[in-house]
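If you want the building blocks of each chain, they are given just below.
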Amino acid sequence: MEAPFDRASAEAAEGRGDWATAIAMVSGFSECYSRDHYRHDAHLWHMELLVKAGLLHELAELAKTDVHARRRLDRFLYEEGRDSELRRRAERGDKTALYLLVRLLRARGDARGEQTVAQQAVADIDAADTYAIELANQPLADG
């Protein structure tokens, strides 16, 4: 019989920054796309813990087959302003990375040059992606 999941203990470990314990507890209970929403939530929490622990190599490995890991890794790269890594991921077909790359390039300033850089990135990576084209060509916000 499986031991019950002790969420309070996992949260306490996270609060202490005891990443190894928190990750072990949460990952042992988590299940991607589970019908049990607690297990699915734990899966998403596991991805977040990997980021907090700085275990990006592990997250990147999971991202090869896990959509939630891929999205969390892409979001981390966006939040950190790592456009070259987003670009590499987008060039390998990661649509989320492409959209976040365009948003990042556009967010770096409201000068026309930033919009041009975003438009060029779309042209270079996937000129047929209508959503990326739309993102790159949105009017610049008045700032």
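Here, every reference points to the structure presented above.
Here is what the cut-offs are and how they apply
- Residues numbered from 1 in each chain as written.
- Predicted model: local features only at pLDDT ≥ 70, side-chain atom pairs only at ≥ 80, totals over all residues.
- Heavy atoms only, no water.
- Helix = DSSP H or I, 4+ residues; strand = E, 2+ residues; numbered from the N terminus.
- Polar contact = N/O pair within 3.5 Å; in protein donor to acceptor, adjacent residues only side chain to side chain.
- Contact = heavy atoms within 4.5 Å.
- Buried < 20%, exposed > 50% of the residue type's maximum accessible area, 1.4 Å probe, protein only.
- Arc of directions from axis to C-beta.
- Salt bridge = Lys/Arg side-chain N within 4 Å of Asp/Glu carboxyl O.
- Core = buried A, V, L, I, M, F, W, Y, C linked by side-chain atoms within 4.5 Å.
- Phe/Tyr/Trp six-rings, centres within 6.5 Å; stacked < 30°, edge-to-face > 60°.
- Axes fitted to C-alpha atoms, helices over the stretch in contact; angles between N-to-C directions.
- Parallel < 35°, antiparallel > 145°, perpendicular 65-115°, else oblique.
- Left-handed = near helix turned anticlockwise from the far one by under 90°.
- Nonpolar A, V, L, I, M, F, W, Y, C, P; charged D, E, K, R; others polar.

## Structural notes on the side chain of Asp-129
Mapped onto the elements of the fold, Asp-129 is located in the loop between helix 8 (112-126) and helix 9 (130-137). A distance of 2.9 Å separates a polar atom in the side chain of Asp-129 from the backbone nitrogen of Ala-132. If near-sequence neighbours (up to four positions away) are discounted, Asp-129 is found in contact with Lys-95, Leu-98 and Tyr-99.

## Some remarks on the side chain of Arg-89
Relative to the elements of secondary structure, Arg-89 occurs in helix 6 (residues 83-91). Given a relative accessible area of 15%, Arg-89 falls into the buried group. Sequence-distant contacts of Arg-89, defined by excluding residues within four places in its chain, comprise Ala-63, Arg-70, Leu-73, Asp-74, Leu-77, Asp-94 and Ala-97.

## Thoughts on helix 4 (residues 56-63)
For helix 4, the complete set of buried residues consists of Leu-56, Leu-59 and Ala-63. For helix 4, the buried positions fall inside an angular range of 60° around the axis, keeping them on one side. Buried-residue contacts for helix 4 involve helix 3 (37-52), helix 5 (67-79) and helix 6.

## Notes on the pattern of salt bridges
One pass over the full model with this rule turns up 18 salt bridges. Taking the shortest distance from any N to any O, the salt bridge between Arg-89 and Asp-94 comes out at 3.2 Å. Accessibility classification places Arg-89 together with Asp-94 in one group, the buried group. Between Asp-129 and Lys-95 there is a salt bridge, with the nearest N and O atoms lying 3.1 Å from each other.

## Focus: the nonpolar core
In summary, soluble globular proteins display a tendency toward joint burial of nonpolar side chains. Residues Val-26, Leu-49, Leu-59, Leu-86, Leu-98, Leu-101 and Val-102 are the most contacted members of the largest nonpolar core, which totals 35 residues. Counting residues per element, this core draws most heavily on helix 7 (residues 95-107), at 7 residues. Those residues in contact with Val-102, other than ones at most four positions away along the chain, are Ala-118, Val-122, Ala-132, Leu-135 and Ala-136.

## Here we look at the environment of Val-117
By the element assignment, Val-117 lies in helix 8. Classification of Val-117 by relative accessible area gives partly exposed; the value is 37%. With 37 residues separating them in the primary sequence, Val-117 and Glu-80 have C-alpha atoms 19 Å apart.

## Comments concerning the packing of aromatic side chains
In this description, a pair of aromatic rings is defined by centroid distance and the angle of the planes. For the structure on display, the rule yields 3 aromatic pairs. With 6.4 Å between their ring centres and 75° between their planes, Phe-5 and Trp-45 make a pair best called edge-to-face. One end of the pair, Phe-5, is in the segment before helix 1 (7-16); the other, Trp-45, is in helix 3, and 40 residues separate them in sequence. By relative accessible area, which is 24% here, Phe-5 ends up partly exposed. Judged by relative accessible area, Trp-45 falls into the buried class, the value being 10%.

## Some details on the packing of helix 1 against helix 2 (residues 19-29)
With their axes 7 Å apart at the nearest point, helix 1 and helix 2 run at an angle of 150° to one another. The angle between the axes of helix 1 and helix 2 places the two elements in the roughly antiparallel class. By crossing handedness, the relation of helix 1 to helix 2 is classed as left-handed. Here helix 1 contributes Ser-9, Ala-10, Ala-13 and Glu-14 to the contact with helix 2, which in turn contributes Trp-19, Thr-21, Ala-22, Met-25 and Val-26. Its residues assigned to classes, the contact of helix 1 with helix 2 comprises 6 nonpolar, 2 polar and 1 charged.

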